[in-house]
Amino acid sequence: MRKIFKIFGYILGLGVFLTAIFYLVSWYGFQKERKDITWGVTFSTVMARQLELDPRKTFDAIVDDLGTKEVRLPVYWSDVEPQEGKFVFDDYDYFIKKSEERGVKLILAVGIKLPRWPECFTPIWAQFERRDQNQNTLRYIRTVVERYKKSDAIIYWQVENEPFHVYGSGCASGKISSGQVDKEITLLRSLDSRPILLTDSGEQGIWFSSLRRADVVGVSMYTQVWNDVFKVVRFPLGPGFYQLKKKFFSAFYPSKKIIVSELQAEPWGPSLLPGYDVVFQKELMNKERLQYVVSFARRTGFDTFYLWGVEWWYWLGEKQNDWSLWEEAKNLF
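Just so you know, these numbers come straight off a predicted model, no measurement behind them. The residue count restarts for each chain, going from 1 along the sequence in the order it is written. Side-chain atom pairs in this predicted model are given and counted only at pLDDT of 80 or more, local residue features only at pLDDT of at least 70, and totals for whole chains, interfaces and linings cover all residues. Side-chain numbers here rest on the full set of heavy atoms in the structure, without hydrogens or water.

A.B. asks: Go over the overall build of the chain with me, naming the residues and quoting the values.
C.D. replies: Only DSSP runs of H or I covering at least 4 residues are called helices, and only runs of E covering at least 2 are called strands; the numbering of each starts at the N terminus. Helix and strand counts for the chain stand at 13 helices and ten strands. Each residue gets one of three labels from its accessible area relative to the maximum for its type: buried under 20%, exposed over 50%, partly exposed in between, using a 1.4 Å probe on protein chains only. Per-residue burial over the chain gives 52% buried out of 333 residues. Within the chain, residue pairs in contact and separated by at least 24 positions form 77% of the contacts whose partners lie at least 6 positions apart. Carbon together with sulfur atoms contributes 55% to the accessible area of the chain, which is approximately 15,600 Å² in total. In this description, contact between two residues means that some pair of their heavy atoms is separated by no more than 4.5 Å. Throughout, the Shrake-Rupley method with a 1.4 Å probe supplies accessible areas, and for residues the shown protein chains are the sole cover considered.

Structure below.
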């Protein structure tokens, strides 16, 4: 028994040693900041309305004032087909036309599970038996793609959002099968030849499922989250963690491009924005914190980042008269 405990102690000690080495290397072994980077944003009509902003006015500000030339745009099923068979594309027609006029490149995201909470954006009328819902999802995707596939602004089609990374709520386990994701990809490839993007968690995801299906994979990158027990939690993962993980998966799929589709640049607090104290919001994310996130991102080795939080920056300026984050972000674009 003593011998078993001794062996266990050696194994535990080795594990702690290797973890410490990896931690130090991931933080201090990757100090060089990359300069040749493409910066974009994710724009969500859901988030704009949650902040009581006008989506069109917000999009205009993002393109005309902030100067963004790369936008990831979820086309929410609940937005475009509020009643069965009755599609409403007014806002998205506006965004597409504006992008074409300003030379903005778009990632158009389609599916049930799209960016922003609660992730599943199925219209109320379509929340019924899964088989019928899946068929209606394919019909909605076909309608969106056929409407916009002639636009030169679109560079990628995104299918679902992190479909292979399961959370405990939102679109939880069993909501979207890999078979359904495959059907959506097959449909999209039959309609248009542009590359398909799938997304996954940068921290927790195993990217193989996305890499073998997609042309491009987008991953998230978070440095600070919220937990109801521990409150503010800062991830101990250094920029080297992401760079080494990218190199590992790229070795298996060298022809596939991996980007950061969701770089945290807004606060993650105890409730949805703007549902808690604005002072605390700005403690969690501010000009200095954004500078830190950008510096961190530059050291990960990726060349493309879509920042997460542009609607909140604009809300701070419009509703709180604080344009500090908006003005700081302008430096990137």
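And the narrative resumes.
A.B. asks: Outline the sheet that holds strand β2 (residues 70–74), listing residues and values.
C.D. replies: Two strands pair under a simple rule: DSSP has to find at least two bridges between them. Spatially, eight strands are ordered β1-β2-β3-β4-β5-β6-β9-β10 in a closed barrel, and the strand pairing comes out parallel. Between one strand axis and the next, the sheet turns by 30° as a mean value, whatever way the strands run. Two elements, strand β5 (residues 196–200) and strand β6 (residues 216–221), share four bridges in a ladder whose sense is parallel. In the strand pairing of β6, Asp-200 is matched with Val-219. Axes, fitted as lines to C-alpha atoms, cover a helix only where it is in contact. Angles between the N-to-C directions of the axes lie from 0 to 180 degrees.

A.B. asks: Describe the pattern of salt bridges, with residues and values.
C.D. replies: Whenever Lys or Arg places a side-chain nitrogen within 4 Å of a carboxyl oxygen from Asp or Glu, that contact is recorded as a salt bridge. Under the counting rule described, the total for this entry stands at 23 salt bridges. The salt bridge partner of Arg-147 is Asp-93, with a shortest N-O separation of 2.8 Å. With Arg-147 in helix α6 (residues 130–148) and Asp-93 in helix α5 (residues 90–102), this residue pair connects regions lying 54 residues apart in the sequence. Judged by relative accessible area, which is 44%, Arg-147 ranks as partly exposed. Residue Asp-93 is classed as partly exposed on the basis of its relative accessible area, which comes to 26%. For Arg-116, the salt bridge goes to Glu-311, with nearest N and O atoms at 3.3 Å. With Arg-116 in the loop between β3 (105–110) and α6 and Glu-311 in helix α12 (residues 310–320), this residue pair connects regions lying 195 residues apart in the sequence.

A.B. asks: Just give me the short version of the environment of Gln-135, but keep the residues and values in it.
C.D. replies: Within the secondary structure layout, Gln-135 lies in helix α6. For Gln-135, a relative accessible area of 48% corresponds to the partly exposed category. As for Gln-135 and Gln-180, which are separated by 45 residues in sequence, their C-alpha atoms are 9.4 Å apart.

A.B. asks: Please provide a residue-by-residue account of the environment of Leu-53, values included.
C.D. replies: Mapped onto the elements of the fold, Leu-53 is located in the loop between α2 (45–50) and α3 (55–66). The buried category is assigned to Leu-53, whose relative accessible area is 9%. Not counting chain neighbours up to four residues away, the residues in contact with Leu-53 comprise Ala-48, Thr-58, Glu-311, Tyr-314, Trp-315, Glu-318 and Lys-319.

A.B. asks: Account for the packing of α3 against α5, naming residues and giving values.
C.D. replies: As a packed pair, α3 and α5 sit with axes 11 Å apart at the nearest point and diverge in direction by 15°. Considering their axes alone, α3 and α5 lie roughly parallel with respect to each other. In this structure, α3 crosses over α5, and the sense of that crossing is right-handed. Across the interface between the two elements, Pro-55, Arg-56, Phe-59, Asp-60, Val-63 and Asp-64 of α3 pack against Asp-90, Asp-91, Tyr-94, Phe-95, Lys-98, Ser-99 and Arg-102 of α5. Classifying every residue of the contact of α3 with α5 gives five nonpolar, one polar and seven charged. Roughly parallel here means an angle under 35 degrees, roughly antiparallel means over 145, roughly perpendicular means 65 to 115, and every remaining angle is called oblique. Each crossing gets its hand from how the near helix is turned against the far one by less than a right angle, where anticlockwise is left-handed and clockwise is right-handed. Classification convention: Asp, Glu, Lys, Arg as charged; Ala, Val, Leu, Ile, Met, Phe, Trp, Tyr, Cys, Pro as nonpolar; all other residues, Gly among them, as polar.

No statement about biological role is implied by the geometric values presented.
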